[in-house]
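# Chain and residue survey
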Amino acid sequence: MYDVIVVGGGHAGVEASVAAARMGQKTALFTLNVDRIASMPCNPSIGGPAKGIVVREIEALGGVMGKIADKTALQFRILNSSKGPGVQCLRVQSDKIEYSKAMRDAVLSEPGIEIVQKMVEEIVTENNKVIGIRTKDGELIESKTVIITSGTYMSSKILLSANVTVSGPDGEPTTNALSESLRNLGLKTFRLKTGTPARVYTDSIDFSKTTIQPGDDKPYYFSNSTRKEDVIQEQYSCYLTYTNEKTHDIIKQNLDKSSMYSGVVEGVGARYCPSIEDKIVRFADKDRHQIFLEPEAASLDTTYVQGLSSSLPEEVQDQALRTIPGLENCRVQKYGYAIEYDAIDPIQLKPSLEIMTVDGLFTAGQINGTSGYEEAAGQGLMAGINAALKNQGKDPLILKRDEAYIGVMIDDLVTKGTLEPYRLLTSRAEYRLLLRHDNAYRRLSGFGHEIGLLLEDHHVQIQKDIQEIDEFIEHAKTVKIPHTPDFEAYFEAKQSPFEAHDLSLYDAVKRPGIELMELLDLLQMEVRNDLAFQIQVEIKYEGYIKKALKDAEKLRAMEDIKLPDSINYDEIKNLSIEGKQKLSAIRPLTVGQASRISGVNPADIAILAIVLKQQAK
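The sections below set out a description of the structure shown in this document. Note that the coordinates shown come from a computational prediction; the quantities given were computed from them, not determined experimentally.

### A word on the overall build of the chain
Scanning the chain from terminus to terminus reveals 20 helices and 20 strands. Taking 25 Å as the expected radius of gyration for a compact globule of 617 residues, we find that the chain reaches 26 Å, a close match to that expectation. Oriented by its inertia axes, the alpha-carbon framework of the chain measures out at about 80 × 75 × 50 Å. Burial status across the chain gives 58% buried among its 617 residues. Considering only residue pairs separated by 6 or more positions, the chain has 72% of its internal contacts joining residues 24 or more positions apart.

### Describing the pairing of strand β9 (residues 140-148)
Residues in a regular strand project their side chains so that they alternate between the two faces of the sheet. Pairing analysis gives 5 bridges linking strand β1 (residues 2-7) to β9, with the strands arranged parallel. Looking at the pairing, Val4 lines up with Thr145 of β9. As paired elements, strand β8 (residues 129-135) and β9 share 3 bridges and run antiparallel to each other. Paired with Gly132 across the strands is Glu142, a residue of β9. Between β8 and β9, which pair antiparallel one after the other, the connecting turn spans 4 residues, and Gly138 there sits at a positive phi close to 90°.

### What about the sheet that holds strand β5 (residues 89-94)?
Across the sheet, 3 strands lie side by side as β3-β5-β4; this open sheet has antiparallel pairing. On the outer flanks of this sheet lie β3 (45-47) and β4 (73-79), each paired with one strand and no other. Strand after strand, the sheet turns through a mean of 20° between neighbouring axes, direction not considered. Inspection of the sheet shows β3 paired to β5 by 3 bridges, in the antiparallel sense. Paired with Gly47 across the strands is Arg91, a residue of β5.

### Observations regarding the environment of Val200
Tracing the sequence through the fold places Val200 in strand β13 (residues 199-201). Of the residues examined, Val200 reaches a relative accessible area of 0% and is grouped as buried. Remark: the alpha-carbon pair of Val200 and Leu293, spanning 93 residues in sequence, is separated by 9.4 Å. Setting aside chain neighbours within four positions, we find Val200 in contact with Ile205, Asp301, Thr302, Thr303, Val305, Leu321, Leu327, Cys330, Arg331, Val332 and Gln333.

### A short note on helix α6 (residues 245-253)
Turn by turn, an α-helix covers 3.6 residues, leaving residues three or four places apart pointing in a common direction. Among the residues of α6, Thr247, His248, Ile250 and Ile251 are the ones counted as buried. One face of α6 carries all of its buried residues, which in axial projection span an arc of 160°. Facing away from the buried side of α6 by over 90 degrees, the exposed positions are Glu245, Lys246 and Gln253. In this structure, the buried residues of α6 make contact with α7 (276-282) and α8 (314-321). Its side-chain oxygen placed 3.0 Å from the backbone nitrogen of Lys246, Asn244 serves as the N-cap of α6.

### Brief notes about the sheet that holds strand β18 (residues 332-334)
Here 6 strands make up an open sheet; going across it, the order is β14-β15-β16-β17-β13-β18 and the pairing antiparallel. The strands lining the two open edges of the sheet, one partner per strand, are β14 (211-213) and β18. Each neighbouring strand pair of the sheet contributes to a mean axis angle of 35°, computed without reference to strand direction. Bridge count for β13 against strand β17 (residues 302-306) is 3 bridges, and the pairing is antiparallel.

### Overview of the side chain of Ser504
Residue position: Ser504 is located in the loop between α13 (485-493) and α14 (505-509). In this view, Ser504 contacts Ala476, Lys477, Val479, Lys480 and Ile481; residues no more than four positions away in its chain are not counted.

### Concerning the nonpolar core
Formed by 103 residues in total, the largest nonpolar core has its most connected members in Ile46, Ile385 and Ile406. With 10 residues, helix α9 (residues 373-391) is the largest single contributor of residues to this core. Aside from chain neighbours lying at most four places away, what touches Ile406 is Val54, Glu57, Ile58, Leu61, Gly378, Met382 and Leu399. Counting residues in each nonpolar core, the second largest holds 24 residues, with Ile473, Val509, Leu523 and Leu531 among its members.

### Considerations on the pairing of β4
Among the 7 residues that make up β4, 6 are buried, leaving the element largely enclosed by the rest of the structure. Inspection of the sheet shows β4 paired to β5 by 6 bridges, in the antiparallel sense. Each residue of the ladder has a partner; that of Arg77, found in β5, is Arg91.

### Re the side chain of Thr189
As for its position among the elements, Thr189 is in strand β12 (residues 189-196). Polar contacts involving the side chain of Thr189 include one to the side chain of Arg183, which spans 2.8 Å. Setting aside residues up to four positions removed in sequence, Thr189 forms contacts with Arg183, Ala343 and Ile344.

### Details of the packing of aromatic side chains
Two descriptors summarise a pair of aromatic rings, namely the distance from one centre to the other and the angle between the planes of the rings. Using the criterion set out here, one finds 6 aromatic pairs in the structure. With centroids separated by 5.3 Å and ring planes inclined at 75°, the aromatic side chains of Phe76 and Tyr221 adopt a geometry described as edge-to-face. Of this pair, Phe76 sits in strand β4 while Tyr221 is found in the loop between β14 and β15 (238-242), placing the two residues 145 residues apart along the sequence. For Phe76, a relative accessible area of 1% corresponds to the buried category.

### What about unusual backbone geometry?
A positive phi angle, near 65°, is found at Ala50, a position not held by glycine. Here Ala50 shows up in the loop between β3 and α2 (51-61). Classification of Ala50 by relative accessible area gives buried; the value is 0%. Positive phi, close to 55°, is recorded for Gln524, a residue that is not glycine. Considering the arrangement of structural elements, one finds Gln524 in the loop between α15 (516-523) and α16 (529-540).

### Quick word on the pattern of salt bridges
In this structure the tally under the stated criterion is 48 salt bridges. One salt bridge in this structure joins Glu294 and Arg91, with 3.0 Å as the shortest N-O distance. Here Glu294 is found in strand β16 (residues 290-295), whereas its partner Arg91 is found in strand β5, with 203 residues between them in sequence. For Glu294, a relative accessible area of 3% translates into the label buried. Its relative accessible area of 16% is what places Arg91 among the buried residues. Of the charged contacts in the structure, one is a salt bridge between Asp318 and Arg322, with a shortest N-O distance of 3.9 Å.

### So, a negative patch on the surface
On the surface, a cluster of negative charge is contributed by Glu245, Asp249, Asp285 and Asp287. Checked against the element boundaries, Asp249 lands in helix α6.

Conventions and cut-offs
- Residues numbered from 1 in each chain as written.
- Predicted model: local features only at pLDDT ≥ 70, side-chain atom pairs only at ≥ 80, totals over all residues.
- Heavy atoms only, no water.
- Helix = DSSP H or I, 4+ residues; strand = E, 2+ residues; numbered from the N terminus.
- Rg over C-alpha atoms; globule rule 2.2 N^0.38 Å.
- Buried < 20%, exposed > 50% of the residue type's maximum accessible area, 1.4 Å probe, protein only.
- Contact = heavy atoms within 4.5 Å.
- Pairing = 2+ DSSP bridges.
- Axes fitted to C-alpha atoms, helices over the stretch in contact; angles between N-to-C directions.
- Arc of directions from axis to C-beta.
- Polar contact = N/O pair within 3.5 Å; in protein donor to acceptor, adjacent residues only side chain to side chain.
- Core = buried A, V, L, I, M, F, W, Y, C linked by side-chain atoms within 4.5 Å.
- Phe/Tyr/Trp six-rings, centres within 6.5 Å; stacked < 30°, edge-to-face > 60°.
- Salt bridge = Lys/Arg side-chain N within 4 Å of Asp/Glu carboxyl O.
- Patch = residues over 30% accessible without salt bridge, like charges linked within 9 Å, V, L, I, M, F, W, Y side chains within 5 Å.
- Areas by Shrake-Rupley, 256 points an atom, 1.4 Å probe, with all protein chains shown as cover.
- Lys, Arg positive; Asp, Glu negative; His and termini not counted.
- Charge placed at Lys NZ, Arg CZ, Asp CG, Glu CD.

Honestly, it's all geometry; don't read function into it.
Below, the structure written as structure tokens:
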């Protein structure tokens, strides 16, 4: 008998199993191949817009993705550095071989986790409560809770032109039985599609025809426990090139041979990561599309052709590739393909990621309709935490929309559902200035420490860093800018008035164009780079942050109004018909969540408030 069984060893499965084990649960991780734990069948990278902040949040809660992403990175790069802090994020180019090895080792070395290399085909229940799983060989293995993190392996098919192969990514086995088991439990499933581009041999690329994309000189890390000596010292470069009219003509002439346009595809593809065929059709006015050439691993002579996902025949992919500058003489190691798989409708989930109708059954990752390693890992972490908390008889940990991008993602899924692979974007967050890379520890480390995931010594260091930031901000109000030629020249170069006799460091940093680190150099003061960045953001954007906090407090008021589990929406008079249907199906936990359900109008919320007030009397 286990406390937690995790089905699937991808990015969600790793975080779920490690979290549960560290919280004292006897955990079994079922995977088909221990050497493919947390593999990267698609892009070899971690992070990016919104996604990078999710990785930082996983780290702040005590998860594993951030540390391993740091230590197996080939390149570190802050994206959107010229924009505001609310959209800045870290992305690393990963060594996909070393990343998967490090994740495997993390799971194998974690006390409390047993790895079982068997295929799971059935979720076994009694009276709508999970009692365990059944493997392909018919063995019943009991557990108090089960977390399904099956990724794209449920009823998956590889699509290449008109050819359909029943298979998971990279030729791995798939199963129809698990999907059927979930449907037998009353769950609604639907088909989704994603894809991957060709990999080409690096030595066949003419990089002189492309634009180099180097890493940052002073890289930031996902984990504040990562040190410079822990990471690669000489970063690898990526390269930028473009499609052109010739590329587009070849694709247009062969659209009928693409899986998507030949009628083979049943599932819905990702809107924000479309195939090159989809780009050509949907963005017909564009005369070119970006293509990034990214190294896959230090030990491999292969390059990932980011932006050219395709299910066209191999010979057509060959022709299209050779029209792109730098790839005229490329040799293909593996061609692109599309993959279709089963997912569940996520509105069947509670915000804890537990299935509403099956006690003790949780799901996380692409089975919930999301795309991306980071989204999967964030859900896996929360599912592992909440399965453990359930076994401990405690309330679930549910992150709010103003607390974490993870909270935004899960709320979107369980409240609004999705009809296509869901990708987390900064635009999905109402309070993105509050949900920054730099303040993730401040936002979430308390939760991680309280539930036992964040180790004591790490938590103590985080609290010291937060205290140092707060104390320096107050100190900056007392530090006066000296009246010297060096400072006068600096402010003149920034086209900023120089008032050395009464200008504090705090007020100086508030000015446009004035950088804290530059002033600290002139003042000969030392502050750690990552702390200085957060100090500058807190000072420079103080007014905007206060406004966002005030707006978030209004939302919190609605989030604090709980909706009873026993409430019968069909019996509430004057609710709209659609409102009754949606509220009955989604069963929101709070009035705030109810207000975000599509089809529930403001009048419905007002009626709910009246009903709750009457019930409280």
